[in-house]
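# Examination of the molecular architecture
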Amino acid sequence: MKSLLAVALCAAIACGTAAAQTKTPPEKKEIKIGAASTGITYLPAIIARQLGYFRDEGLDVTIAAFSGGSKALEAMLGGSTDMTAGAYSNTLTMAAKGQKLVTIAAQVVCPGWVFGASKKNVDKVKTPADLKGMRVGVSAPGSSTHMVVNYILHKAGLKPDDVSIIGVGQAAGAVAAVRAGQIDALIVNDPVATVLVDGGDLKPLAEMRSADGNKQVFGADYPESSIYATRSFVDKNPRTVQAVANAIVRAEHWMAKATPQQLVETVPAEYVVGDKDLYARSFQNSRRCLSTDGVITDEGARTVRDVLAAFDPSIGAAHIDLAATYDNRYVKKAGETQQ
């Protein structure tokens, strides 16, 4: 009886090993992802790397942080990276120029930004309309933060060139720029948003972390941080793309259940800005924005298009095929296998 059980057990192990060996590996094992930020809304990719989810999918992933989405996009188009952790809106702006990009996983359902006036301008700036002639900090010129600032200015009756745009990143450089008086207003995500607001250095003019805040600014939730690549890369490497989507969705599932303390202990120490309690508060402040399934909704895509078209005539004139700018098949398949 024991020998039969041993034979059966060995057979089961052998079959499992054979199954693992016959699983088709990704077309490209080494993947470089350029990240527009290492803020809270970009955590799914970071968590997927930290917890070994990319490795479990047969991938060796390197994440390179850039000062803004435009820089990360340039790196991918230049061949330095394979994919970008950046704004979904970039797929639309590039589509208007004839460049085919496709988002394969959403990291958020809303951008998690705070747009505010610096402490020294609290008495001068009551609304965005009061920013005329002032210096506004964004992650990088041409980035998604820059585009949303343009939209907020448009709604306030100002033109993009009514202010001076200054790239300050979304990390320590943004904090320094505000505190040194180098800029008069700033758009930034967490944890820096919480650092500056809680410290009294930034007075919010627009809040894009809550449902009400997004509705006031955009009319609905505005999906921003995502994982995207060129259409040619996606078509040539479907198994690699699926592996990335699997890891991202798995990370999003983990984050949906994690406590702030668990998250702080998992995130690389250099991202915690030296204060674990503050980082935990930042996570709570932006938690609602984090996607739990990687899906970009049709409504979200339309909201982004409408926002961009409001101040950029080329978006409306291009008659962009929205359905071609995102592909939910990969994250939906990932969700099915992880249930």
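Let me begin by describing the structure that accompanies this report. What you see is a predicted model, and the numbers here were worked out from it, not measured in a lab. (Residues numbered from 1 in each chain as written. Predicted model: local features only at pLDDT ≥ 70, side-chain atom pairs only at ≥ 80, totals over all residues. Heavy atoms only, no water.)

### With respect to the sheet that holds strand β2 (residues 60–65)
Sheet architecture is open: five strands sit in the order β2-β1-β3-β10-β4, paired in mixed fashion. The outermost strands of the open sheet, each flanked by one partner alone, are β2 and β4 (101–106). On average, each strand axis in the sheet is tilted by 30 degrees relative to the strand beside it, whichever way the strands run. Summarising the sheet, β4 and strand β10 (residues 225–230) pair through five bridges and their orientation is antiparallel. Counted as the bridge partner of threonine 103 is tyrosine 228 from β10. In this fold helix α4 (residues 69–77) packs onto β1 (30–35), β3 (83–87), β4 and β10, with an angle of close to 25 degrees to the strand it touches most, β10. (Pairing = 2+ DSSP bridges. Helix = DSSP H or I, 4+ residues; strand = E, 2+ residues; numbered from the N terminus. Axes fitted to C-alpha atoms, helices over the stretch in contact; angles between N-to-C directions. Contact = heavy atoms within 4.5 Å.)

### Quick notes on the state of the cysteines
Scanning the entire structure with this criterion turns up one disulfide. Between the sulfur atoms of cysteine 110 and its disulfide mate cysteine 289 the distance is 1.9 Å. The S-S bond linking cysteine 110 to cysteine 289 shows a torsion near -100 degrees; that makes this disulfide left-handed. Pair noted here: cysteine 110 is in the loop between β4 and β5 (114–118) and cysteine 289 is in the loop between α13 (276–286) and α14 (298–311), with a separation of 179 residues, a long-range link. Taken as a pair, cysteine 110 and cysteine 289 share a single burial class, namely buried. (Disulfide = S-S within 2.5 Å. Buried < 20%, exposed > 50% of the residue type's maximum accessible area, 1.4 Å probe, protein only.)

### A closer look at the pattern of salt bridges
Under the criterion given, the structure shown has 15 salt bridges. Put simply, arginine 209 and aspartate 190 hold a salt bridge, and the shortest N to O gap is 3.0 Å. In this pair, arginine 209 sits in the loop between β9 (202–207) and α9 (211–218) while aspartate 190 sits in the loop between β8 (185–188) and α8 (192–198), placing the two residues 19 residues apart along the sequence. Each of the two residues, arginine 209 as well as aspartate 190, counts as buried. Its salt-bridge partner being glutamate 207, residue arginine 209 comes within 2.8 Å of it at the nearest N-O pair. (Salt bridge = Lys/Arg side-chain N within 4 Å of Asp/Glu carboxyl O.)

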